[in-house]
Structures are given as C-alpha cells and as structure tokens.
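Chain and residue survey
Below are the chains, spelled out letter by letter.
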Amino acid sequence: MRPPVLQEWLVLGSLAVLAVVGLLSPGRFNAAPAELLLEVAFFLASLSLVRRMTPAGQVMLVLAGGYVLLKVLLLLFFGDAGLLDFLLAYKSFVYVALLGAWVGADVFDRRRLARFTTFLVVVFLLKYGYSVALGLADRPGVYLENNFELILLMGVFLLAHPHLGRERPWVFAGLAVTVLLSGSRSAALGLMVVYLFIYLRTSTRTWPLQVIGTGVVGYAVLLVFSARAQSDGGARLDRLNFLDTFLYEVRDWPLWEWLTGSFPLTPLSPGSCGSLAFYAPLFSKTDPGVCYSVILHSYFLRAVFDHGLLGIALLLVLLWVGLRRSGADRRPALALLALISVSGLSVSAFNNVFSAITVAICLAMVRTGTQPAVGQGGRGEPAWRSRE
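So, a few notes on the structure that sits alongside this text. (Residues numbered from 1 in each chain as written. Predicted model: local features only at pLDDT ≥ 70, side-chain atom pairs only at ≥ 80, totals over all residues. Heavy atoms only, no water.)

1. Side note on the overall build of the protein
The helix and strand tally for the protein stands at 15 helices and 0 strands. Put simply, the protein has 388 residues, and 54% of those count as buried. Expressed as a percentage of contacts within the protein between residues at least 6 apart in sequence, the contacts between residues at least 24 apart total 76%. Roughly 17,400 Å² of accessible area belongs to the protein as shown, and the carbon and sulfur atoms make up 69% of that amount. (Helix = DSSP H or I, 4+ residues; strand = E, 2+ residues; numbered from the N terminus. Buried < 20%, exposed > 50% of the residue type's maximum accessible area, 1.4 Å probe, protein only. Contact = heavy atoms within 4.5 Å. Areas by Shrake-Rupley, 256 points an atom, 1.4 Å probe, with all protein chains shown as cover.)

Structural data, given as structure tokens:
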C-alpha cells in the first residue's frame with residue numbers, strides 16, 4: 001500500500017475526522033459545520049489537481065464551466081436574482097467542472113478505501129443505533145440529514161466492495177441496518193440499487209440465493225416506506241405536493257422550454273411559494289418573499305425547471321464519459337450514477353457535496369496492480385471487473 005497523497009489526506013481525512021465529531025455529537029447531526037468543511041476540502045483538493053488534468057477532464061471543465069458562465073452572464077445582464085441563490089440552483093454543474101480535475105488522477109488507494117469504508121460504516125451504525133435506541137433522533141445523521149449523507153456511505157461501499165475481502169458480507173449487513181435505521185425512503189431505494197448491481201448475477205450457480213436476497217432487501221425497503229407512512233399519520237406524501245407545484249409552474253411551457261429549462265433563476269409564482277410556506281428556510285437567501293426551484297426538493301424536478309432535458313443530458317453524459325475515461329468499467333459507473341439518480345427522486349442528488357466526493361473517489365481510484373479475484377473473500381460475491 002502506497003503512502004497517501006495530499007488529496008487523499010484532504011478528502012478521506014476530513015471525512016474521517018468529521019465522522020468522529022458526528023459520532024460524539026448526540027442529539028444533533030454534527031457539532032462542526034460538516035457540510036461547509038467538506039465543501040472546502042473538496043474545493044481545495046480539486047484545485048490542487050487542476051495543473052495535471054487529462055484531456056477528458058479538460059472537456060468536463062470547459063463544457064460544464066462554460067455552461068455555468070453562460071447562465072451567469074444571462075443572469076447579470078437580464079436578471080436580478082442573487083448569486084447565492086444562483087449557486088444553489090447550478091451547483092451540480094460547478095461540481096462537474098471541478099470533477100474534471102479528478103479524472104484518472106490516481107489519488108485513492110483501493111485497500112485504504114476499503115479500510116476507510118469499514119470504519120465509516122461502523123461510525124454510521126453506532127451513531128444511528130444509539131440515536132434511535134435512546135430516542136435522541138428518529139432521523140439521525142453523522143454529517144448532515146441522512147437523505148444526503150447516505151449517498152456517500154453507499155457509494156464508497158460500491159467502490160470498495162471488491163477490496164473488502166472476507167468482511168464484505170458484514171460490512172454490507174452494517175450498511176443495510178444503518179439504512180433501515182435512517183428512515184430514509186430514498187436511501188432505502190439506493191440500498192436496493194447497491195444490492196442489485198453488486199450481488200445479482202444471471203451467470204452464477206448461486207442465483208436462487210441471489211433471488212432470495214433480493215426478496216429480503218426488497219421487503220426491508222417496503223418496511224421503511226411502511227414505517228414512514230405510519231409516522232406521517234396518513235398525510236399526503238410531500239413529494240407529491242412538490243410534483244403538483246412543479247406541474248402547475250410548467251403548465252404553459254412550450255417544447256423549447258422543456259429542452260432548455262427556464263430563464264436562469266426564474267422565481268416560482270406567489271401562489272406556489274405560499275403553498276410551500278412550511279419550507280421557508282428554502283426561500284431566497286436575498287429576498288425572503290421569493291422562492292426558487294430549490295424548494296421543490298427533488299433534484300430532477302429542479303433540474304428540469306432550471307436546466308431542461310438537454311441540461312440533464314449534458315450533466316449525465318459528462319459524468320459518464322469522465323467515469324469511463326478514468327478507467328471505471330460500465331457496471332460500477334452505471335451503478336454509481338443509478339444510486340445518485342435514485343436519490344434525485346427525493347433530494348438534491350448531484351447537487352450536494354456528498355455525491356461530488358463519491359464521484360471524485362471513483363474518478364481518481366488507483367486502478368493498477370493486482371485485482372482481487374472474483375469471489376475472493378466470500379462465495380457468490382463477485383468483484384467489479386477492472387481495467388488493469
């Protein structure tokens with residue numbers, strides 16, 4: 001195992017230290033401003049890699065950065081919204097521009113990532129476990145709200161899985177229990193994605209066990225949805241309210257607006273903002289009486305409104321090309337994008353730092369050297385293939 005490089009220290013070190021702080025912060029997510037500190041660590045690590053970007057990374061930087069610049073110019077010359085509100089709406093493309101620096105950077109050692117993943121699962125399981133057992137929180141978190149942070153936990157497990165050896169089933173069990181304790185519906189769906197991509201195979205002799213496992217995980221996901229429905233007391237699912245608001249706002253859109261999205265930072269109508277007044281903290285940072293698409297919660301509702309279908313396609317294509325050019329095979333690359341996309345049905349998905357860090361780790365994993373053999377560390381648990 002090689003010594004850690006600066007960027008690995010910054011990213012994994014920040015995550016590890018803040019995880020311990022979160023573990024020792026009963027009754028709240030984290031005593032430190034974890035999200036802000038992770039944003040800073042990710043930004044600094046990205047800047048330190050810019051000078052040795054690959055051609056594929058440069059394409060990501062130019063296209064995503066050019067897209068953001070174009071929208072900024074439109075806002076400055078023809079709009080009047082605040083730049084902070086703009087950043088919240090366009091953060092996913094800022095992340096993609098920065099992620100260009102990580103393509104093929106060979107930063108993250110695979111065995112060290114496996115150890116870090118085991119550590120992180122243990123910390124999450126302990127924090128979620130004691131929080132629920134002691135009644136300190138029914139939706140616990142280590143860094144931030146669990147809808148956001150569990151993308152990171154499941155993502156690093158996906159990436160570290162081939163290198164976990166005999167601990168694979170135990171680490172997955174710890175991950176699954178953590179997700180069930182979280183009460184997060186989007187994370188429960190993400191857990192199903194993780195299981196299907198890692199464990200479900202059609203060409204192995206253990207397919208009956210895989211089918212049984214799929215049934216068990218699927219039943220656990222249904223339990224999370226059932227528990228949330230009971231805790232909501234029969235109230236209408238809030239995501240359906242957001243969908244209704246979105247459909248009302250786009251009711252008169254022509255075809256071209258579905259493709260390009262609305263003008264940068266187009267506010268929602270006063271009626272829509274009034275109906276979502278419960279989410280006042282998500283109103284404009286510069287004008288408290290105005291709300292933007294961020295209040296719709298679901299990333300894909302927000303992305304269609306702000307970027308259109310072409311903008312979403314650009315984001316996904318850039319990430320896919322970056323992952324493939326970094327050496328990731330199709331299955332893990334698709335698994336990672338599917339995991340983040342599933343969360344986008346509910347929360348900010350590609351618009352949050354936990355997703356950005358997870359993608360950065362995949363882009364910058366060291367992929368040279370010996371790959372664990374298929375099934376190493378446990379029967380019927382094939383590792384990802386790797387280009388080496």
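2. Focus: the packing of aromatic side chains
Under the counting rule described, the total for this entry stands at 21 aromatic pairs. Judged by centre distance (5.8 Å) and plane angle (40°), the ring pair of Phe-157 and Phe-172 falls under tilted. Here Phe-157, found in helix α6 (residues 146–160), pairs with Phe-172, found in helix α7 (residues 168–182); they are 15 residues apart in sequence, far enough to count as distant. Taken as a pair, Phe-157 and Phe-172 share a single burial class, namely buried. (Phe/Tyr/Trp six-rings, centres within 6.5 Å; stacked < 30°, edge-to-face > 60°.)

3. Things to note about the state of the cysteines
Taken as a whole and judged by the stated rule, the model has 1 disulfide. Across the disulfide from Cys-273 sits Cys-291; the S-S distance is 2.0 Å. Judged by the torsion about the S-S bond (-95°), the Cys-273/Cys-291 disulfide is left-handed. Taken as a pair, Cys-273 in helix α12 (residues 270–275) and Cys-291 in the loop between α12 and α13 (299–325) lie far apart in primary sequence, 18 residues in all. Each member of the pair, Cys-273 as well as Cys-291, carries the same accessibility label: buried. (Disulfide = S-S within 2.5 Å.)

4. Structural notes on the packing of α6 against helix α14 (residues 330–343)
Between α6 and α14, the least distance of the axes is 10 Å, while the angle of their chain directions is 165°. Relative to α14, the element α6 lies roughly antiparallel. Between α6 and α14 lies a crossing whose hand is right-handed. Contacts from Ile-151, Met-154, Gly-155 and Leu-158 in α6 reach Ala-335, Leu-336, Leu-339, Ile-340 and Ser-343 in α14. Among the residues making up the contact of α6 with α14, the classes are represented as 7 nonpolar, 2 polar and no charged. (Axes fitted to C-alpha atoms, helices over the stretch in contact; angles between N-to-C directions. Parallel < 35°, antiparallel > 145°, perpendicular 65-115°, else oblique. Left-handed = near helix turned anticlockwise from the far one by under 90°. Nonpolar A, V, L, I, M, F, W, Y, C, P; charged D, E, K, R; others polar.)

5. Some thoughts on the nonpolar core
Phe-42, Trp-102 and Tyr-143 are the most contacted members of the largest nonpolar core, which has 122 residues in total. In terms of residues, this core owes the most to one element, α6, which gives 11 residues. Contacts of Trp-102, omitting those with residues within four sequence positions, involve Gln-7, Val-11, Phe-42, Ala-45, Ser-46, Leu-49, Val-107, Phe-108, Ala-360, Leu-363 and Ala-364. (Core = buried A, V, L, I, M, F, W, Y, C linked by side-chain atoms within 4.5 Å.)

6. Digging into the packing of helix α3 (residues 55–78) against α13
The geometry of α3 relative to α13 is characterised by a closest axis approach of 9 Å and an angle of 160° between their N-to-C directions. As judged from the angle between their axes, α3 and α13 are roughly antiparallel. α13 is crossed by α3, and the crossing has left-handed handedness. Each of Ala-56, Met-60, Leu-63, Ala-64, Tyr-67 and Lys-71 in α3 lies in contact with α13, whose residues at this interface are Asp-306, His-307, Leu-314, Leu-318, Leu-319, Gly-322 and Arg-325.

7. Focus: the pattern of salt bridges
The final tally for this structure, using the stated rule, is 3 salt bridges. Arg-251 serves as the salt-bridge partner of Asp-252, at 3.8 Å between the closest nitrogen and oxygen. (Salt bridge = Lys/Arg side-chain N within 4 Å of Asp/Glu carboxyl O.)

8. Topic: the environment of Thr-358
Residue placement: Thr-358 occurs in helix α15 (residues 353–363). Thr-358 gets classed as buried once you look at its relative accessible area, which sits at 0%. Not counting residues within four places of it along the chain, the set of residues in contact with Thr-358 comprises Ile-151, Leu-152, Gly-155, Val-156, Leu-159 and Leu-336.

9. Some points on the layout of surface pockets
Each pocket or cavity is described by its volume, and for the largest pocket that value is around 990 Å³. Around the largest pocket, the lining comprises 39 residues; the ones closest to its centre are Glu-145, Phe-148, His-297, Val-347 and Ser-348. Broken down by element, the residue count for the lining of the largest pocket peaks at 6 residues, all from helix α4 (residues 83–99). Each residue belonging to the lining of the largest pocket can be placed in one class, and the counts come to 21 nonpolar, 7 polar and 11 charged. (1 Å grid on protein atoms, 1.4 Å probe; cavity = no way out; pocket = protein on both sides within 12 Å on 5 of 7 lines; lining within 4 Å. Points joined across faces, edges and corners; volume = space filled by probe spheres on them.)

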